[in-house]
Amino acid sequence: MLALITILNRCHRFPGFVYQQARFSSDQKSIEIAVRPRRGSKAVCSHCHEPGPGYDKLPERRFEFIPFWGFLVFLLYSMRRVECRRCQTVVVEEVPWGDGKRTLTRAYMLFLAGWARRLSWKETAEAFRTSWEKVFDAVEHVVTYGLEHRVLGQIDAIGVDEIQYAKGHKYLTLVYQIDLGVTRLLWIGRERTIESFQGFFKVIGDEIASKIVFVCSDMWEPYLKVIREKCSEVLHILDRFHIVAKMNKALDDVRAGESRRMLREGYMPVLKKSRWLLLKREENLKTVRAYLLKEAFQQLWDYNAPYWAGEFLDEWCRQVMRSRIEPMKKIARSLRDHRELILNYFRAQKLLSSGVVEGLNNKAKVTMRKAYGFRTFRTLELALYHSLGKLPEPESTHEFF
Ligand SMILES: [Zn+2]
């Protein structure tokens, strides 16, 4: 067991502390390594981070370290209490391998969090014979550090989007940075209200907000309102992806309406299962026409000049308004209302493809699936920052892989 201490001294060494001895636990399943303060070294106050005179010792604590050859590994240490002059009170010391009350060592948390980015949290827990809660703890530790230490810098472009995370209209608002060189998740808010989106601007501050040049979002009114307020100079672009999604939704509504009508009139409900089967049937003219209108709309994205894109958009809306297909007319009205914001997409020379936001959002959905276990806001928040935030990681004495 001497070898283990030699290895620890090589990769996980802290000046004020000494590894004393390593032994197997009574059930032979784990290795326990006693740690003690180096003679003459002072304990450090966990409030003010200054060394101070010792007061007493607390009962031994177990800090879980990275498992080794199928054995769980624990560092055993009795925390000292410091009589801190600066804080005028008795405070527990801080130890360089731990983080407050967390039971895992920093090294192990960094290690687990790294795996929790590749595997689901559940799989990570199983692979390392630990619990889902400890994986949560590890990710929380790493993300908290990352958010405290990240540099926002200048942000040119942001994309705002929402994701439904639970039944019953439970939404998250996600804000991404979508600069040409940097794409990352900047912020997550509960709900998709004006208040929640304002929270983002509180976090980044007026200085950074005032320099944002482009914003991509969908037609969700609370987002539009906050953007009008906070970024008056910005070129606001309605997201292409969202317009297409709305169009698909309208087509579904038309189809659903048709199939209800047919059921009433005694046709078999073939359409419920198959999306396109119904196009073959003459009686579904409305669906066919809605489909053709939707397809025709795609041409819009081929335009380069805002002027011609605008002409096309107006003509398309005129056709739709004559069509008597209510869900499509609703879209046309909405597109007319947001005409200028849509044309901004062409004014920005299509530089900011909404594909970036769409891609990030798809990644976010995959991440949400992987973090499942408990679908709480906190879990999702941590998982999303962890995988999409490009956050800086705590420094380590050694790269454990
Ligand atoms: Zn202190």
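Below you will find a few notes about this structure. (Residues numbered from 1 in each chain as written. Predicted model: local features only at pLDDT ≥ 70, side-chain atom pairs only at ≥ 80, totals over all residues.)

Ranked by size, the top nonpolar core spans 80 residues in total, and within it Leu-112, Ala-138, Val-139, Ile-158, Tyr-176 and Met-328 carry the most contacts. Looking at which element gives the most residues to this core, the answer is helix α2 (residues 106-118), with eight residues. Residues Ala-43, Val-82, Cys-84 and Val-91 belong to the second largest nonpolar core, which totals six residues. (Core = buried A, V, L, I, M, F, W, Y, C linked by C-beta atoms within 7 Å. Buried ≥ 20, exposed ≤ 12 C-beta atoms within 10 Å, placed from the backbone. Helix = DSSP H or I, 4+ residues; strand = E, 2+ residues; numbered from the N terminus.)

This part is about the packing of helix α5 (residues 194-210) against helix α6 (residues 221-230). A pair of packed helices is captured by two measures, namely the crossing angle of their axes and the spacing between those axes. Where α5 meets α6, the closest approach of the two axes is 10 Å, and the angle between their N-to-C directions is 25 degrees. Comparing their axes, α6 and α5 come out roughly parallel. Considering the relative orientation of α5 and α6, their crossing is right-handed. On the side of α5, the interface is formed by Ile-194, Phe-197, Gln-198, Phe-201 and Ala-209, while α6 contributes Pro-222, Tyr-223, Lys-225, Val-226 and Lys-230. Looking at side-chain class alone, the contact of α5 with α6 contains seven nonpolar, one polar and two charged residues. (Axes fitted to C-alpha atoms, helices over the stretch in contact; angles between N-to-C directions. Parallel < 35°, antiparallel > 145°, perpendicular 65-115°, else oblique. Left-handed = near helix turned anticlockwise from the far one by under 90°. Contact = placed C-beta atoms within 7 Å. Nonpolar A, V, L, I, M, F, W, Y, C, P; charged D, E, K, R; others polar.)

On to the packing of α2 against helix α4 (residues 132-149). At their nearest, the axes of α2 and α4 sit 8 Å apart, and the two run at 100 degrees to each other. When the axis of α2 is compared with that of α4, the two are roughly perpendicular. Residues Met-109, Leu-110, Leu-112, Ala-113 and Ala-116 of α2 touch α4, and the partners they reach there are Val-135, Asp-137, Ala-138, Val-139, His-141 and Val-142. When the residues that make up the contact of α2 with α4 are grouped by side-chain class, the tally is nine nonpolar, one polar and one charged.

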